[in-house]
Amino acid sequence: MERLEHIGIAVKNLDESNKLFAKLLGRSHYKIEEVESEGVRTSFFEIGGVKIELLEATKADSPIAKFIEKKGEGLHHLAFAVTDIKESMKEKTAQDFSLLATEPKDGADNKQIVFFHPKTTNAVLVELCQDKK
Ligand code: ZN
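Values in this document were obtained by computation on a predicted structure and should not be read as measured data.

S.K.: Residues and numbers for helix α1 (residues 14-25), please.
M.R.: Spanning 12 residues, α1 covers 16 Å between terminal C-alpha atoms, matching the ideal 16 Å at 1.5 Å per step. Close packing links the buried residues of α1 with β1 (3-11), β2 (31-35), β3 (40-47) and β4 (50-57). One side-chain oxygen of the residue at the start of α1 lies 3.1 Å from the amide nitrogen of Asp-15, identifying that residue as Asn-13. Positioned one or two residues after α1, Gly-26 has a phi angle of 70°, which is positive.

And the structure:
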């Protein structure tokens, strides 16, 4: 893995959280993007080379809605940048980490993404992401 790319935070109301994080970080979000397939609306802040991704559910049965139902708002995942996501998936699987999918999928911010099963990553939801070419 190369670097921490972003930190995902589950929120109930993206507009309210955008205001809160703008005040906290002293800067505005630089984009809002909906990923329909994931039932999520996201916004991005950039600070010191790391991004903060706020995630709001757009459907009652989306993963973010289920997360908030179970655990409430808050820290959702850590995303690490890799140069070759398929290669990293092979490598980490061979090291006994479990992934939640066998193929990467399209995520927000022009990325290919895949998540690890938190059971194999100390209960932390970890994402691998690669910029789409
Ligand atoms: Zn993410």
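S.K.: I'd like to hear about helix α3 (residues 85-94), residue by residue, with values.
M.R.: Along α3, the positions that sit buried rather than exposed are Ile-85, Ser-88, Met-89 and Lys-92. Considered in projection along α3, the buried side chains sweep an arc of 105° and stay on one side of the axis. Opposite the packed face of α3, turned more than 90 degrees from it, sit the exposed residues Lys-90 and Ala-94. The N-cap residue of α3 is Asp-84: its side-chain oxygen and the backbone nitrogen of Lys-86 are 3.3 Å apart. Note on α3: the residue one or two positions beyond its end, Asp-96, has a positive phi of about 75°.

Conventions adopted
Position labels on residues start from 1 in each chain and follow its written sequence. A pLDDT threshold of at least 70 governs which residues receive local features in this predicted model, and a stricter bar of 80 or more applies before side-chain atom pairs are shown or counted, although totals over entire chains, interfaces and linings include all residues. Excluded from the side-chain calculation are hydrogens and water; included are all heavy atoms of the structure. Note on conventions: DSSP H or I runs of at least 4 residues are helices, E runs of at least 2 residues are strands, and numbering of each starts at the N terminus. For a helix, the expected span equals 1.5 Å multiplied by the number of residues minus one. By the convention used here, residues are in contact when the closest approach between their heavy atoms is within 4.5 Å. Distance and chemistry together define a polar contact, namely a pair of N or O atoms within 3.5 Å, with one atom able to donate a hydrogen and the other to accept it when in protein, and with adjacent residues in sequence counting only for side-chain atoms on both sides. Burial classification: accessible surface area is computed with a 1.4 Å probe over protein chains only, and a residue below 20% of its type maximum counts as buried, one above 50% as exposed, and the rest as partly exposed. When we speak of the arc, we mean the arc of directions from the helix axis to the C-beta atoms.

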